[in-house]
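Each chain is listed here by its residues.
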Amino acid sequence: MTRIAFIGLGNMGGGMAANQARAGHEVLAFDLSAAALQKAVAAGCAAAGSAAAAVKDADVVITMLPAGQHVRAVYANEILPNAKAGALLIDCSTIDVESARAVAKDATAPPYKERGFRFADAPVSGGAAGAEAGTLAFMVGCVEADLPAIEAVIAPMSRATIRAGDHGAGQAAKICNNMVLGATMIATCEAFALAEKLGLDPERFFEIASKSSGQSWSLTSYCPWPGPVPAAPSNRDYEGGFATAMMLKDLKLAQEAAARCGAATPLGAQAEGLYALFDQLGGGAKDFSAIIELFRGNAPVRDAAAAAS
Ligand code: NAD
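Rules behind the numbers
Residues numbered from 1 in each chain as written. Predicted model: local features only at pLDDT ≥ 70, side-chain atom pairs only at ≥ 80, totals over all residues. Heavy atoms only, no water. Helix = DSSP H or I, 4+ residues; strand = E, 2+ residues; numbered from the N terminus. Rg over C-alpha atoms; globule rule 2.2 N^0.38 Å. Buried < 20%, exposed > 50% of the residue type's maximum accessible area, 1.4 Å probe, protein only. Contact = heavy atoms within 4.5 Å. Domains from an automatic or database assignment. Buried area = accessible area lost by both parts, 1.4 Å probe. Salt bridge = Lys/Arg side-chain N within 4 Å of Asp/Glu carboxyl O. Polar contact = N/O pair within 3.5 Å; in protein donor to acceptor, adjacent residues only side chain to side chain. Nonpolar A, V, L, I, M, F, W, Y, C, P; charged D, E, K, R; others polar. Core = buried A, V, L, I, M, F, W, Y, C linked by side-chain atoms within 4.5 Å. Expected span 1.5 Å × (residues − 1). Bend = angle between axes of the 7 residues up to and from the residue. Pairing = 2+ DSSP bridges. Right-handed = clockwise from strand over helix to strand, strands pointing away.

A few points about the overall build of the protein
Okay, step 1: Looking only at helices and strands, the protein features 14 helices and nine strands.
Okay, step 2: For the protein, whose C-alpha radius of gyration is 21 Å, the value lies close to the compact-globule estimate of 19 Å for 309 residues.
Okay, step 3: Counting only C-alpha atoms and orienting by the principal axes, one finds that the protein spans roughly 65 × 45 × 45 Å.
Okay, step 4: Counting the 309 residues in the protein, one finds 48% classified as buried.
Okay, step 5: A separation threshold of at least 6 residues defines the contact pool for the protein, and within that pool the share at least 24 residues apart is 62%.

And the structure:
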């Protein structure tokens, strides 16, 4: 049994912490939201009064927080000053590469070097359903020698763990992956809208493209046109799934990273612009495949009068 401090118990962290408790570990949970903390307690975790109290005696600290500023603040103010010597620190949030590298440096350089902390950035793919089911894919940035210990901790939450490289590489892999996802989803949505306007049966188009060079994960696992893929959010009015606002956040991270290192990512930039537009039109809470409505001429999602007021 490992003593795990789990900080950030939202859509993702809630399910992940529950899986650690289910695996027989002692989970000391903390979230600023009392409701999220209550849910974790119902799932077998113990409530801590603060992040500092949660990490005090923990062998492992897992964070699942919204963005880079939250991770930086929780590490600087709560985790690093209070964690036990030798603790394994794993941040699973999706954040900017620079913040991940800065936190890794803070954790492993003086004045904390003598505490012997090990750090990994380990963002995930698989959504809230994967968090719940313990089937997330983890992309890990860490010192190679630390990987076996990290894999052992991640096991109850994962179906795959891949080391991307050194600190920050996990976040780099995550934003590159999601830039592909954002762009292929938009291309897939455009193609369905065009097929419809050309009088081609969209279900027949799916059948053909899924066996042709237009095939992609966005088409065959997450089809934006309702029908062909029963589990896709398109079949439940684009509710649940991976919110447009979250996709937009990841595309912004990719563009910021590209600007910093001078990479040309014109399709990524277009994808960010289109998701920003769809978000402004009221689609932010909908699954990101709902952007098909933009191309079918069904946006704005939000009532125009409400948007103007
Ligand atoms: P969420 O908003 O549901 O959960 C975040 C939780 O962090 C909230 O409960 C919030 O109260 C808590 N929190 C914020 N600041 C805190 C602090 N200082 N101390 C303690 N708790 C604090 O978000 P989520 O959907 O669970 O996403 C978490 C991370 O996972 C994000 O970085 C997101 O990009 C990433 N992610 C999400 C998905 C998804 O499908 N939702 C998929 C992959 C990755």
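Notes on the domain arrangement of the protein
Okay, step 1: Partitioning the protein into domains gives domain 1 (3-167) and domain 2 (172-308).
Okay, step 2: Each of domain 1 and domain 2 was reduced to a C-alpha centroid, and the two centroids are 29 Å apart.
Okay, step 3: A combined buried area of about 840 Å² lies between domain 1 and domain 2, and 64% of that area is made up of carbon and sulfur atoms.
Okay, step 4: By the criterion of area lost to domain 2, the three top residues of domain 1 are Thr94, Val97 and Met139, representing 47% of everything that side buries.
Okay, step 5: Where domain 1 meets domain 2, there are one salt bridge.
Okay, step 6: Note that Arg260 is salt-bridged to Glu98, the shortest N-O span being 3.7 Å.
Okay, step 7: At the surface where domain 1 touches domain 2, the tally comes to three residue pairs in polar contact (both at pLDDT 80 or more).
Okay, step 8: Of all elements in the fold, only helix H5 (97-108) and strand E7 (124-125) reach the threshold of two or more residues within the side of domain 1 that touches domain 2.
Okay, step 9: Classifying every residue of the side of domain 1 that touches domain 2 by side-chain character gives eight nonpolar, two polar and two charged.

Concerning the nonpolar core
Okay, step 1: Residues Phe6, Met16, Cys92, Phe138 and Val140 are the most contacted members of the largest nonpolar core, which totals 32 residues.
Okay, step 2: Secondary-structure elements contributing two or more residues to this core are strand E1 (3-7), helix H1 (13-22), strand E2 (26-30), helix H2 (34-42), strand E4 (60-63), strand E5 (88-91), strand E8 (136-141) and helix H7 (147-154).
Okay, step 3: A total of four residues in this core trace back to one element, the largest contributor, which is H7.
Okay, step 4: Residue contacts for Phe6: discarding those within four places in its chain leaves Gly13, Met16, Ala17, Val27, Leu28, Ala29, Phe30, Ile62, Met64 and Met157.

Quick word on helix H4 (residues 68-82)
Okay, step 1: Taking 1.5 Å of rise per residue, the 15 residues of H4 would be expected to cover 21 Å, and the 20 Å separating its terminal C-alpha atoms lies within 8% of that figure.
Okay, step 2: Taking the largest bend as the criterion, H4 deviates by roughly 45°, centred on Tyr75.
Okay, step 3: Looking at the buried side of H4, the elements it contacts are E1, helix H3 (51-55), E4, E5, H5 and strand E6 (118-121).

Brief notes about the pairing of E8
Okay, step 1: Of all the six residues making up E8, six are buried; the element is thus mostly covered by neighbouring parts of the structure.
Okay, step 2: What you see with E8 is no split at all: Leu136, Phe138 and Val140 on one side and Ala137, Met139 and Gly141 on the other are buried throughout.
Okay, step 3: Alignment of E7 against E8, held across two bridges, turns out to be antiparallel. Counted as the bridge partner of Val124 is Phe138 from E8.
Okay, step 4: The pairing of E8 with strand E9 (residues 158-165) spans six bridges and is classified as parallel. Of the residues in E9, the one forming a bridge with Phe138 is Thr161.
Okay, step 5: For the crossover that starts at E8, traverses H7 and ends in the parallel E9, the hand is right-handed.

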